[in-house]
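Listed below are the residues making up each chain.
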Amino acid sequence: MSKQNYPLFKKEDVDAFFSLFQNNLANFVVIAITMIGMGYPAHIVYGRVIPGAAIGVLFGNLYYAHMAKKLAEKENRTDVTALSYGISTPVMFIYLFGVLKPALDFTGDPEIAWKIGVAATFLGGVVEALGSLIGAWIRENLPRASMLGALAGVAFSVIGAQMFFHTYEAPAIGVFVLTIILVGFVGRKSMPFKIPTSLFAIIIGTLLAYIVGEADPSLIAEGFQTVGFYPPIPTMSFATGLKYLFGPMAGLLAVLLPISVYNFIETMNNVEAMAAAGDDYDVAEAQLVDGIGTIAGSIFGGTFPTTVYIASVSAKWMDAGRGYSIVNGFVFLVASTFGIIAAMSKIIPLPVIAPILVFVGMSMVVQAFASVEPRHFPAVVLSMFPYLAN
């Protein structure tokens, strides 16, 4: 058999890039709005948290593109899709309301509270990395239905359902964008002028939101005011934060340790979902990479752990390769460094972004049922219930 040439980039990577970038952007819109609403100043949110996360995302995106190349060469294939990488939405909410808010309430000082968040992220990365020692064993011995069912529960309740609510905050816009997403990705229909589905949906949705008055035009000027230079700068702030975590705020460990374990199990689940879709990656290697990426992000001021993203399977559905991962990492770094993410989080209404995550949640639930025998469907449903109940 002749050796197949695995491409660095292909046209299907365009849609997958916009989907992954907007998934990350959607999370950062929520992060920015929530943290500033809590009382964290803009220079911490846009100048430290987002650039720090961008470093972690860049590291993971580049490494997972490398892993895709290794798998493609090993199996002599050209249709391998790189694992998507970003901030886990459930973990993001836990860090927002279980770490950053209590830290700010306790200290009354955004600077100290941010350092506690950085330390929590550093510690989470260490736990993720340690998870690589037992991840492979768990994957071999835990039934696929239980792993994918748990993932489907998160996808349905936290991702799809929550973003479905945001979609209906402006139904004339959200439903229109959701229709475009479904027609493009599920119906496999091309958009006008061959524009990638995600990009087309975002452009049309944003324009429509301002035309019909669902978005305030003053947000555009406000968004451009946030453009600036926010370079990622290494910091040892986690050292100060650790003194609080193992001191007066030790109670946060009761939240941090379980959610960190959840994070490396989520990576395992997402790797398993990709294996079910046809790309069988080394789960221990992925968990180690996630941990290192999270630690790298915290060293540059990030306050949210990164993980193999739940959108991996939707990228597989789009027939993406590895190029989307590489482009996402560098674009995210540039966008965060020059305040573009800050501006976009002001300008693009959330109901325009939310439908993309609705599709991600939907695809994960479908994948869970498609990847197990029908007699295991009850196990999948049962595994979903704890997340729905929570």
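Before reading further, recall that the structure is shown in the block above.
Residues numbered from 1 in each chain as written. Predicted model: local features only at pLDDT ≥ 70, side-chain atom pairs only at ≥ 80, totals over all residues. Heavy atoms only, no water.

**Things to note about the overall build of the protein chain**
Within the protein chain, the regular secondary structure consists of 16 helices and two strands. Rg of the C-alpha trace for the protein chain: 20 Å, near the compact-globule value of 21 Å for 390 residues, within the 12% margin. Counting only C-alpha atoms and orienting by the principal axes, one finds that the protein chain spans roughly 60 × 55 × 40 Å. Out of the 390 residues belonging to the protein chain, those deemed buried represent 59%. Put simply, of all contacts in the protein chain between residues at least 6 apart along the chain, 87% involve residues at least 24 apart. (Helix = DSSP H or I, 4+ residues; strand = E, 2+ residues; numbered from the N terminus. Rg over C-alpha atoms; globule rule 2.2 N^0.38 Å. Buried < 20%, exposed > 50% of the residue type's maximum accessible area, 1.4 Å probe, protein only. Contact = heavy atoms within 4.5 Å.)

**Some thoughts on the side chain of Asn263**
Counting through the fold element by element, Asn263 comes out in helix H10 (residues 253-277). Take Asn263: its relative accessible area is 1%, and that puts it in the buried class. In this view, Asn263 contacts Ser88, Val91, Glu128, Pro305, Thr306 and Thr307; residues no more than four positions away in its chain are not counted.

**Notes on the packing of aromatic side chains**
Scanning the entire structure with this criterion turns up twelve aromatic pairs. Ring plane angle 10° and centroid distance 4.3 Å describe the contact between Phe122 and Phe238, whose orientation is recorded as stacked. A residue pair is termed long-range when its members are at least 10 positions apart, and Phe122 in helix H4 (residues 110-141) and Phe238 in helix H9 (residues 237-245) qualify at 116 residues. Assigned by exposure class, Phe122 and Phe238 land together as buried. Seen from their ring centres, Phe164 and Tyr168 are 5.0 Å apart, and the 50° between their planes marks the pair as tilted. Above the plane of the ring of Trp114 lies Arg48, whose end atom (NZ or CZ) is 4.5 Å from the centre. (Phe/Tyr/Trp six-rings, centres within 6.5 Å; stacked < 30°, edge-to-face > 60°. Lys NZ or Arg CZ within 6 Å of the ring centre and 35° of its normal.)

**Things to note about helix H7 (residues 197-211)**
Between its first and last C-alpha, H7 extends 21 Å over 15 residues, near the 21 Å set by a 1.5 Å rise per residue. Those residues of H7 lying buried are Thr197, Ser198, Phe200, Ala201, Ile202, Gly205, Thr206, Ala209 and Tyr210. Against the buried residues of H7 lie helix H1 (12-38), helix H6 (171-186), helix H8 (218-225), helix H14 (340-347) and helix H15 (350-370). Looking one or two residues beyond H7, the residue adopting positive phi is Gly213, at roughly 85°. (Expected span 1.5 Å × (residues − 1).)

**Comments concerning the packing of H1 against H14**
At a minimum axis separation of 10 Å, H1 and H14 run at an interaxial angle of 75°. As far as their axial angle goes, H14 and H1 are roughly perpendicular. Counted together, Phe21, Gln22, Leu25, Phe28 and Val29 of H1 and Ile341, Met344 and Ser345 of H14 form the full contact between these two elements. (Axes fitted to C-alpha atoms, helices over the stretch in contact; angles between N-to-C directions. Parallel < 35°, antiparallel > 145°, perpendicular 65-115°, else oblique.)

**Quick look at the pattern of salt bridges**
Summed over the entire model, instances satisfying the criterion amount to eleven salt bridges. For the salt bridge of Lys69 with Glu73, the shortest nitrogen-to-oxygen distance reads 2.5 Å. Of the two residues, Lys69 and Glu73 are both situated in helix H2 (residues 42-75); the distance of four residues between them amounts to about one turn of the helix. Residue classification places Lys69 among the partly exposed residues on the basis of a relative accessible area of 31%. As a salt-bridge pair, Lys101 and Asp105 come within 3.0 Å of each other at their nearest N and O atoms. Residue Lys101 and its partner Asp105 are both found in helix H3 (residues 89-107); the two are separated by four residues, about one turn of the helix. Through salt bridges that share partners, Glu75, Arg77, Asp79, Asp279 and Lys316 make up one connected network. (Salt bridge = Lys/Arg side-chain N within 4 Å of Asp/Glu carboxyl O.)

**A word on unusual backbone geometry**
A positive phi is found at Arg188, a non-glycine position, where the angle reads about 60°. Within the chain, Asp319 stands out as a residue other than glycine whose phi angle is a positive 65°. Note that Asp319 resides in the loop between helix H12 (312-317) and helix H13 (323-337). Assessed through its relative accessible area of 42%, Asp319 is described here as partly exposed.

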